[in-house]
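Observations on chain architecture
Spelled out, the chains give:
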Amino acid sequence: MTVEITSHEELRELLGAPAPRAVIKERTRLHERDRQWLAAAPFCLVATAGADGTCDVSPKGDPAGFALVLDETTIALPERPGNKRADGYRNILDNPHVGLIFMIPGRPDTLRINGRARLVRDAPWFDEMVVKGHRPILAVVVEIEQIFYHCTKAFLRSALWQPETWQPELLPSRARLIKEVEAPAESLEDLERHYGPEYAKTIYA
């Protein structure tokens, strides 16, 4: 029998009260250590939700330090060429609330930032976000409302950063997955060629 949780009170009774440290760690402004973390982070996840509640989580990655600190309560993330779906960006236009998780390879803790976002198509500081000669297509400017470090338990449980647990060969190649799941018109050979060694040379074009 499935037993569903339907109230905040029931959830709190089941989980118990959070430890005081988990409550008081929230901040609203960047600390110098936060700036250092952002300078070292090459990857983050951006969570958004549309006006109808439809959710999206998009990965963002660039050389370490790609998240530009504009001031102690504002950061900006560059957009690079992608699949043009713009799911998260369309959500931001309808609902500005976003959640970000910044990761540093090998670190089992993460930096979390929640706030309100807006889309910017150009600004003087775009020049500071140039990579391989390419300026961002646009940028997501996030006004920080909540910032804190998240504990290590999820990464320790998953052994995410332990190479001896990695098994990428358990699944077929990116090209084969696309051919089998999405059934595109391209042949498997064409897809393998597209996602081959040359693919990495096109990610900023």
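Described below are features of the structure shown in this document. (Residues numbered from 1 in each chain as written. Predicted model: local features only at pLDDT ≥ 70, side-chain atom pairs only at ≥ 80, totals over all residues. Heavy atoms only, no water.)

Let's shift gears to the sheet that holds strand β5 (residues 97-103). Reading across the sheet, the seven strands line up as β2-β1-β5-β6-β7-β4-β3 and stay open at both edges, with antiparallel pairing between neighbours. With one partner strand each, in any of the chains shown, β2 (55-61) and β3 (68-71) form the two edges of the open sheet. Sheet twist, expressed as the average angle between the axes of neighbouring strands with direction ignored, equals 35°. (Pairing = 2+ DSSP bridges. Helix = DSSP H or I, 4+ residues; strand = E, 2+ residues; numbered from the N terminus. Axes fitted to C-alpha atoms, helices over the stretch in contact; angles between N-to-C directions.)

Attention now goes to the nonpolar core. The nonpolar side chains of soluble globular proteins are, as a tendency, buried together. If you look at the biggest cluster of nonpolar residues, it comprises 24 residues, and the most contacted ones within it are I75, L77, L100, F102, I113 and V142. In terms of residues, this core owes the most to one element, strand β7 (residues 139-150), which gives four residues. Dropping the residues within four chain positions of it, F102 is found in contact with W37, L38, A41, F43, C44, F66, A67, I75, L77, T110, L111 and I113. L68, A123, W125 and V141 belong to the second largest nonpolar core, which has nine residues in total. (Core = buried A, V, L, I, M, F, W, Y, C linked by side-chain atoms within 4.5 Å. Buried < 20%, exposed > 50% of the residue type's maximum accessible area, 1.4 Å probe, protein only. Contact = heavy atoms within 4.5 Å.)

Below, the discussion takes up the side chain of T110. If you trace the backbone, T110 turns up in strand β6 (residues 110-120). Beyond its immediate chain neighbours, meaning those up to four positions away, T110 contacts W37, I101, F102, M103, F148, Y149, H150 and F155.

What follows is about the pattern of salt bridges. Counting across every chain of the model gives 12 salt bridges. Among the ionic pairs, R80 bridges to D62, the shortest N-O distance being 2.7 Å. Within this pair, whereas R80 is found in the loop between β4 (74-78) and α4 (87-94), its partner D62 is found in the loop between β2 and β3, the two being separated by 18 residues in sequence. In this structure R80 comes out as buried when scored by relative accessible area, which is 10%. Where E198 meets K201, a salt bridge forms, and the shortest distance between an N and an O atom there is 3.2 Å. Residue E198 is classed as partly exposed on the basis of its relative accessible area of 47%. Exposure remark for K201: the relative accessible area of 62% places this residue in the exposed category. Linked through salt bridges whose partners overlap, the residues forming this network are R85, D87 and R90. (Salt bridge = Lys/Arg side-chain N within 4 Å of Asp/Glu carboxyl O.)

Another aspect to go through is the packing of aromatic side chains. One pass over the full model with this rule turns up five aromatic pairs. Centroid distance F66 to F102: 6.5 Å. Interplanar angle 45°. Geometry classified as tilted. Of this pair, F66 sits in the loop between β2 and β3 while F102 sits in strand β5, placing them 36 residues apart in sequence. Classification of F102 as buried rests on a relative accessible area of 0%. Ring centres 5.2 Å apart and planes at 50° place the aromatic pair W125 and F126 in the tilted group. (Phe/Tyr/Trp six-rings, centres within 6.5 Å; stacked < 30°, edge-to-face > 60°.)

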